[in-house]
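What follows is the residue order along each chain.
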Amino acid sequence: MPLILIAEDEPAIADAVLYALRSEGLDAEHCLLGREIAPRVRQGGVDVVVLDVGLPDRSGFDVCRELRGFSEVPVIFLTARNDEIDRVLGLELGADDYMAKPFSPRELVARVRARLRRSQAGPADAKEQAQGDFELDREGHRIRFRGNALELTRYEYMLLAALLHRPGAILSRAQLMDRGWDSDADSADRTVDTHIKTLRAKLRAAGAENDPIRTHRGLGYALEI
Ligand code: CA
């Protein structure tokens with residue numbers, strides 16, 4: 001599932017955008033501050049960044065410049081003022097698109113999809129991605145293990161896809177939760193643990209001799225492939 005990172009400090013706008021993206025079957029994460037964005041993109045797995053120009057700690061222009069130092073991830077600016085639009089258009093910031101506020105969240109989703117189509121057409125983003133014994137079919141929402149499709153629930157798929165995004169990296173339960181479903185914080189940890197348990201059973205049944213999902217006490221989970 002493509003992951004969209006939204007940096008926006010106005011809660012009403014952020015909520016509307018998150019809702020629109022998620023209801024269109026896209027995965028979305030939210031940052032409030034400019035300084036959170038580059039570290040998150042470095043972690044990997046982000047397919048498009050939607051970037052408010054006027055963030056509380058630094059400008060979206062600076063953030064975009066920083067991103068372009070190491071990443072080609074598509075960036076769509078959200079601008080509030082005409083002079084900001086002029087800067088987006090006039091400067092060589094490496095932005096891919098922009099939307100002026102107020103905008104329709106649906107229109108933004110359409111723009112995001114257009115960016116995704118373009119990057120998926122490129123050779124760098126293979127539709128099917130092989131990682132060790134695993135093959136991730138993002139479009140079909142399927143994961144194969146040693147050539148056999150795993151019968152996964154939606155949550156199991158999201159968890160395993162998140163772990164496959166960054167093999168070896170320890171993802172906290174909160175990070176794993178963030179990638180897809182809403183549930184209250186109380187039950188969140190247990191929910192992740194429950195789905196990891198069923199996921200392990202399915203991998204065992206598919207022939208995984210050593211459990212590829214490692215538990216890191218107090219930290220989270222990592223996939224060893
Ligand atoms: Ca703002």
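Everything in this summary refers to the structure shown in the same document. Since the structure is predicted, the reported quantities are computational estimates derived from the model, not experimental observations.

Rules of the game
Residues numbered from 1 in each chain as written. Predicted model: local features only at pLDDT ≥ 70, side-chain atom pairs only at ≥ 80, totals over all residues. Heavy atoms only, no water. Donors = N, O, S within 2.8 Å, 3.2 Å for Na, K, Ca; no water. Helix = DSSP H or I, 4+ residues; strand = E, 2+ residues; numbered from the N terminus. Buried < 20%, exposed > 50% of the residue type's maximum accessible area, 1.4 Å probe, protein only. Pairing = 2+ DSSP bridges. Expected span 1.5 Å × (residues − 1). Salt bridge = Lys/Arg side-chain N within 4 Å of Asp/Glu carboxyl O. Arc of directions from axis to C-beta. Axes fitted to C-alpha atoms, helices over the stretch in contact; angles between N-to-C directions. Contact = heavy atoms within 4.5 Å.

1. Describing the coordination of the calcium ion
And step 1. In the first shell of the calcium ion, the protein supplies Asp9 (OD), Asp52 (OD) and Gly54 (O), at 2.2 to 2.4 Å from the metal.
And step 2. Donor residues binding the calcium ion come from one chain and are separated in sequence as D-x42-D-x1-G. Separated by 45 residues along the polypeptide, Asp9 in the loop between strand E1 (3–7) and helix H1 (11–23) and Gly54 in the loop between strand E3 (48–52) and helix H3 (60–68) bring together distant segments of the chain.
And step 3. Judged by its relative accessible area of 39%, Gly54 is partly exposed.

2. Observations regarding the pairing of strand E7 (residues 134–137)
And step 1. The sheet contact formed by E7 and strand E8 (residues 142–145) spans four bridges and is antiparallel. From the neighbouring strand, Phe134 faces E8, where its bridge partner is Phe145.
And step 2. Where E7 folds back on E8, the antiparallel hairpin that results is connected by four residues, among which His141 adopts a positive phi of roughly 55°.

3. Topic: the environment of Asn210
And step 1. You can see Asn210 is positioned in the loop between helix H8 (185–205) and strand E10 (213–216).
And step 2. Since its relative accessible area comes to 61%, Asn210 is described here as exposed.
And step 3. When the C-alpha positions of Asn210 and Glu224 are compared, they lie 9.7 Å apart, and in sequence the two are 14 residues distant.

4. Notes on helix H6 (residues 154–165)
And step 1. Taking 1.5 Å as the rise per residue, H6 with twelve residues should run 16 Å; its terminal C-alpha atoms sit 16 Å apart, in good agreement.
And step 2. Across the twelve residues of H6, ten count as buried, placing the element largely inside the fold.
And step 3. Every buried residue of H6 is listed here: Glu156, Tyr157, Met158, Leu159, Leu160, Ala161, Ala162, Leu163, Leu164 and His165.

5. Examining the pattern of salt bridges
And step 1. Following the criterion strictly, the structure yields 16 salt bridges and no others.
And step 2. In this structure, Asp52 and Lys101 form a salt bridge, with 3.0 Å as the shortest nitrogen-oxygen distance. With Asp52 in strand E3 and Lys101 in the loop between strand E5 (97–100) and helix H5 (105–121), this residue pair connects regions lying 49 residues apart in the sequence.
And step 3. Close ionic contact of Arg146 with Asp133 constitutes a salt bridge, the shortest N to O distance being 3.2 Å. With Arg146 in the loop between E8 and strand E9 (148–149) and Asp133 in the loop between strand E6 (128–131) and E7, this residue pair connects regions lying 13 residues apart in the sequence.

6. Some points on H1
And step 1. Its 13 residues place the ends of H1 18 Å apart at the C-alpha level, agreeing with the 18 Å of an ideal helix rising 1.5 Å per residue.
And step 2. Where H1 is concerned, the buried positions are Ile13, Ala14, Val17, Leu18, Ala20 and Leu21. Buried positions in H1, seen along its axis, are confined to an arc of 165° and lie on one side of it. Of the residues in H1, the exposed ones pointing more than 90 degrees away from the buried face are Pro11, Ala12, Asp15, Tyr19 and Ser23.
And step 3. Where H1 ends, the next residue or the one after it, Gly25, has phi of about 80°, a positive value.

7. Some words on the sheet that holds E5
Adjacent strands of a sheet form backbone hydrogen bonds with each other and so pair up, either parallel or antiparallel.
And step 1. What the five strands build is an open sheet, ordered E2-E1-E3-E4-E5; its pairing is parallel. Each end of this open sheet is capped by a strand with a single partner; those strands are strand E2 (27–31) and E5. For this sheet, the mean inter-axis angle between neighbouring strands, taken without regard to orientation, is 20°.
And step 2. Note: E3 against strand E4 (residues 75–79), four bridges, orientation parallel. Its bridge partner being in E4, Val49 is matched across the sheet by Val75.
And step 3. Contacting E1 and E2, H1 runs over the sheet at an angle of about 165° to E2.
And step 4. Running at roughly 175° to E4, H3 makes contact with E3 and E4 of the sheet.

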